[in-house]
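# Observations on the model geometry
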Amino acid sequence: MFMIPLSVSLCLTFIIFVFIKRISALPGQTDLFRFGISYLLLFGVISFQLFLYAVIGLSWSAFSLLAPWVVSGLWLSIPGRKHVTLLVSKETVSKVSFLLLACILLCILFVGFESVLRPVSSWDSWSNWMLKAKMFFIDGAILPMFSYTRSDYPIGISLFVAFFYFVLGRVDDTSVLILFFLFYLFSGLVIYSFLRRVLSFELTLCFTFLFLSLQNVIRHGGRYETGMADLALGYGILCVVSLFYYYIKSNDRALLLTLEIVSVICGFIKYEGFVFSLIVQFLLFYFLLREKRLRELFVFIVWVIPTVGWYLYKLYGGVQQHYIFSGTGIQFSRIPVIISSMSKEFLNVKNWNLLWPSFFFAVFLAGTKIPREVRYVLLLLLLQILSYGIVFVVTPVDFEAQLFATIDRLYLHLAPSAVLITAILAGPFLSERFSRSASREISKYH
Amino acid sequence: MGNVRLKRLLASFFLFLLSVWFIFSCARTVYNITKLYSEEASWVVLGDTDKRVRIFGDLYRVVSYVSANTNQNSNLLFLSPGGKTYYLSRYYLYPRKITYVKNTSEMRRNLEAGMFDYLVVFQTSERGLNEYDSLSWKIDSVPDFTFLDFDNKAAVLKIYNL
């Protein structure tokens with residue numbers, strides 16, 4: 001049964017890809033990168049579609065939900081229009097790259113197989129994301145969920161899953177886990193397509209493999225932790241970071257709109273995504289003011305309208321505020337424990353291999369030579385980590401238990417972007433090293 | 001001169017870090033693949049229900065039993081030994097609406113309100129589930145009930161038609 005959500009989601013992702021290529025939403029980017037981001041856009045469009053239907057009173061059914069997609073697909077495939085294909089650059093496959101490709105393929109097949117082997121088993125998934133998806137499917141509405149669960153959490157993931165329950169015609173919490181595997185796959189695709197522009201084919205494959213083989217990423221992509229929203233948010237943050245990087249680097253106004261849309265989507269995945277999108281707004285605001293690009297400030301409306309709309313809808317649903325805000329205030333005494341636990345997790349080889357030491361070392365090594373666009377991205381990630389620290393300082397529940405239970409998931413939000421930054425900063429150094437050793441090899445034979 | 005040497009040293013250390021990371025990744029990939037034989041082969045042959053029982057243990061049997069013996073769209077008052085039982089029941093039993101109580105006095109208060117179709121009581125000695133010492137509950141004074149029993153080695157489930 002997983003073939004249905006798999007094939008439908010890939011077809012719809014392709015429709016999104018064709019659309020963004022037609023309207024040139026991501027100018028100057030490769031097709032692979034466009035396709036890599038399309039799955040996140042699909043997630044956003046589907047969540048928005050269900051939300052919009054609920055607000056205007058249109059009923060949810062396989063027909064009503066799929067019809068606009070079929071019409072869009074037909075419209076985009078009308079003969080005579082500009083022909084759109086997914087262009088993939090041809091690479092010369094050496095022995096090393098062949099081996100790396102094989103490793104990547106093994107990881108993908110393993111995680112894909114694992115993702116549909118078991119029904120949903122992670123606590124957060126069945127107590128929150130999948131429960132709400134099931135409720136949306138059974139009730140055909142959003143509002144009953146507010147009164148029953150009393151949860152004000154973002155509902156993007158649950159709406160996305162519910163869409164596929166309607167496509168399947170039943171609640172099948174095993175088949176839909178393939179959608180979470182796709183977050184894994186598409187994260188790898190974005191990392192590959194981004195890095196291929198700055199690194200050699202072998203190094204790009206190497207870093208893509210290093211990411212896809214991270215144990216915590218594998219667990220959320222297909223093993224026991226699949227069905228949670230953390231890898232989806234990691235993928236969302238990766239897309240924002242990539243677009244932010246390109247926007248700062250190229251100053252291309254056309255990228256700004258897509259960046260804002262992707263940033264909004266992050267806010268509908270998890271609360272942490274909302275905080276992240278807020279940080280993006282602040283940094284973007286600072287950048288635009290600094291560059292005196294005041295005309296582009298209008299773009300914030302893309303973020304404000306859906307965000308405010310969702311908060312008004314929650315008010316209308318009579319939902320209570322998030323428990324984090326019901327605390328007694330700031331507990332400074334917790335700070336040493338928080339810093340120590342957060343630092344320890346960076347060294348947790350079981351979850352992260354050597355990602356975090358490599359990341360920090362790459363930043364340290366690059367030092368003052370870090371390009372401006374990477375500095376912005378690093379600030380973005382640093383503020384996000386800081387926001388996690390602040391949550392533990394103010395949380396009204398047992399903060400040590402919460403820290404222990406969530407810290408690996410919080411770092412998962414940043415892990416894909418950390419791999420990307422490590423590769424960008426290490427790239428010139430590695431290329432220089434390898435070209436030097438390659439030239440030494442060549443000189444041996446002459 | 002010293003600065004250049006230090007830089008070279010740091011660069012070599014960085015290369016070492018990346019190499020170790022790469023070796024770990026290869027080793028883990030091989031280890032993961034071996035899991036397909038050592039761990040996952042046994043999952044492939046299981047049916048859907050067996051998989052759920054294997055993941056959630058007897059708790060899944062309890063939930064299935066409640067599901068089979070209560071009407072959909074009913075309101076259940078659930079005297080539950082802990083959070084996991086409640087949250088898993090809430091997921092699997094939907095559209096039945098569950099109100100979660102943690103002790104018998106809370107249960108009696110809710111029963112007086114009289115808005116429930118069933119009272120479900122689950123008592124277990126399983127350590128991971130028994131946050132509220134459920135085996136100490138005495139539930140003799142529930143009026144007008146018929147009950148269905150679900151017994152296994154360490155758990156009792158009673159469903160009262162109210």
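Given the structure is predicted, the values throughout are model-derived calculations rather than measurements.

### Describing the overall build of chain B
For chain B, the helix and strand inventory stands at 5 helices and 5 strands. Burial status across chain B gives 27% buried among its 162 residues. Contacts in chain B between residues far apart in sequence, at least 24 positions, make up 63% of those at least 6 positions apart.

### Considering the overall build of chain A
A tally of regular secondary structure across chain A gives 19 helices and 0 strands. Relative to the compact-globule value of 22 Å for 446 residues, chain A shows a C-alpha radius of gyration of 22 Å, a close match. In terms of overall dimensions, chain A has C-alpha extents of about 75 × 65 × 50 Å along its principal axes. The proportion of buried residues among the 446 residues of chain A is 45%.

### Digging into the interface of chain A and chain B
Facing the 32 residues of chain A at the interface are 29 residues of chain B. Mapped onto the side of chain A that touches chain B, the elements with two or more residues apiece are α4 (95-115), α5 (123-139), α9 (201-212), α10 (215-221), α17 (355-366) and α19 (399-445) of chain A. Here the residues of the side of chain A that touches chain B sort into 23 nonpolar, 6 polar and 3 charged.

### Comments concerning the pairing of strand β2 (residues 97-101) of chain B
Residue and element names in this part refer to chain B. Judged from the 5 bridges that link them, strand β1 (residues 75-79) and β2 form a sheet pairing that is parallel. Of the residues in β2, the one forming a bridge with L76 is I98. In this region the chain leaves β1, passes through helix α4 (residues 83-93) and returns to the parallel neighbour β2; the handedness of that crossover is right-handed.

### Quick look at α9 of chain A
Residues and elements named next belong to chain A. The terminal C-alpha atoms of α9 lie 16 Å apart, and with 12 residues this matches the ideal 16 Å at 1.5 Å per residue to within 8%. Most of α9 sits out of view: 10 of its 12 residues are buried. Turning to α9, its buried residues number three or more, namely L203, T204, L205, C206, F207, T208, F209, L210, F211 and L212.

### Quick word on the confidence of the model for chain B
Residue and element names in this part refer to chain B. Here chain B averages 82 in pLDDT, while 85% of its residues score no lower than 70. Note on residues 143-154: pLDDT is under 50 here. Beyond four places in sequence and across chains, it has 18 contacts. Reported confidences for the modelled complex are a pTM of 0.92 and an ipTM of 0.88.

### Focus on the nonpolar core
Residues and elements named next belong to chain A. Membership of the largest hydrophobic core comes to 163 residues, with the highest contact counts inside it found for V161, V240, F244, A415 and V419. Counting residues per element, this core draws most heavily on α19, which supplies 16 residues. Apart from residues lying up to four places away in sequence, V240 is in contact with L259, V262, S263, C266 and V280.

### Notes on the packing of helix α8 (residues 178-195) of chain A against α9 of chain A
All names here are of chain A. Interaxial distance between α8 and α9 falls to 9 Å at its minimum, and their mutual angle equals 155 degrees. In terms of orientation, α8 lies roughly antiparallel with respect to α9. Here α8 runs over α9; the crossing is right-handed. For the pair α8 and α9, contact is made by G188, I191, Y192 and L195 and by T204, F207, T208, F211 and L212, respectively. Considered class by class, the residues forming the contact of α8 with α9 number 6 nonpolar, 3 polar and no charged.

### Digging into the pairing of strand β3 (residues 118-124) of chain B
Residues and elements named next belong to chain B. Taken across its 7 residues, β3 has 7 buried, putting it largely inside the fold. Residues Y118, V120, F122 and T124 point to one face of β3 and L119, V121 and Q123 to the other, with burial holding for every one of them. Of the pairings in the sheet, the one linking β1 to β3 comprises 4 bridges and is parallel in character. Paired with F78 across the bridge in β3 is V120.

### Let's talk about unusual backbone geometry
Glycine aside, a negative phi is what most residues show, and trans is what most peptide bonds show. Going from Y94 of chain B to P95 of chain B, the amide bond is cis rather than trans, its omega being 20 degrees. Considering the arrangement of structural elements, one finds P95 of chain B in the loop between α4 and β2. Although it is not a glycine, K292 of chain A sits at a positive phi angle of roughly 55 degrees. Inspection of the secondary structure puts K292 of chain A in the loop between α13 (271-290) and α14 (301-316). A tally of 7 C-beta atoms within 10 Å means that K292 of chain A is categorised as exposed. With a phi close to 65 degrees, N73 of chain B is a non-glycine residue in the positive phi region. Positionally, N73 of chain B belongs in the loop between α3 (58-69) and β1.

### As for the packing of α5 of chain A against helix α7 (residues 156-168) of chain A
Residues and elements named next belong to chain A. Closest axis-to-axis distance for the α5/α7 pair is 8 Å, and the angle between their directions is 50 degrees. Classified by the interaxial angle, the pair formed by α5 and α7 is oblique. Regarding α5 and α7, the two cross each other, and that crossing is right-handed. Contact with α5, carried on its side by W129, M130, K132, A133, F136 and F137, involves I157, S158, L159, V161, A162, Y165 and F166 of α7 and no other residues of that element.

### Things to note about α8 of chain A
With 18 residues, α8 of chain A ought to run about 26 Å at 1.5 Å a step, and its terminal C-alpha atoms sit 26 Å apart, in line with that. Counting buried residues in α8 of chain A gives 18 out of 18 residues, a clear majority hidden from the surface.

### Some thoughts on the environment of Y313 of chain A
Here Y313 of chain A is to be found in helix α14. On a C-alpha basis, the gap between Y313 of chain A and L143 of chain A in space is 9.1 Å, while along the polypeptide they are 170 residues apart.

### Comments concerning the environment of I335 of chain A
One can find I335 of chain A in helix α15 (residues 335-346). Measuring from C-alpha to C-alpha, the distance between I335 of chain A and V393 of chain A comes to 6.8 Å, with 58 residues separating the pair along the chain.

What counts, and at which threshold
Residues numbered from 1 in each chain as written. Chains lettered and ligands numbered in written order. Predicted model: local features only at pLDDT ≥ 70, side-chain atom pairs only at ≥ 80, totals over all residues. Helix = DSSP H or I, 4+ residues; strand = E, 2+ residues; numbered from the N terminus. Buried ≥ 20, exposed ≤ 12 C-beta atoms within 10 Å, placed from the backbone. Contact = placed C-beta atoms within 7 Å. Rg over C-alpha atoms; globule rule 2.2 N^0.38 Å. Nonpolar A, V, L, I, M, F, W, Y, C, P; charged D, E, K, R; others polar. Pairing = 2+ DSSP bridges. Right-handed = clockwise from strand over helix to strand, strands pointing away. Expected span 1.5 Å × (residues − 1). pLDDT = per-residue confidence, 0-100. Core = buried A, V, L, I, M, F, W, Y, C linked by C-beta atoms within 7 Å. Axes fitted to C-alpha atoms, helices over the stretch in contact; angles between N-to-C directions. Parallel < 35°, antiparallel > 145°, perpendicular 65-115°, else oblique. Left-handed = near helix turned anticlockwise from the far one by under 90°.

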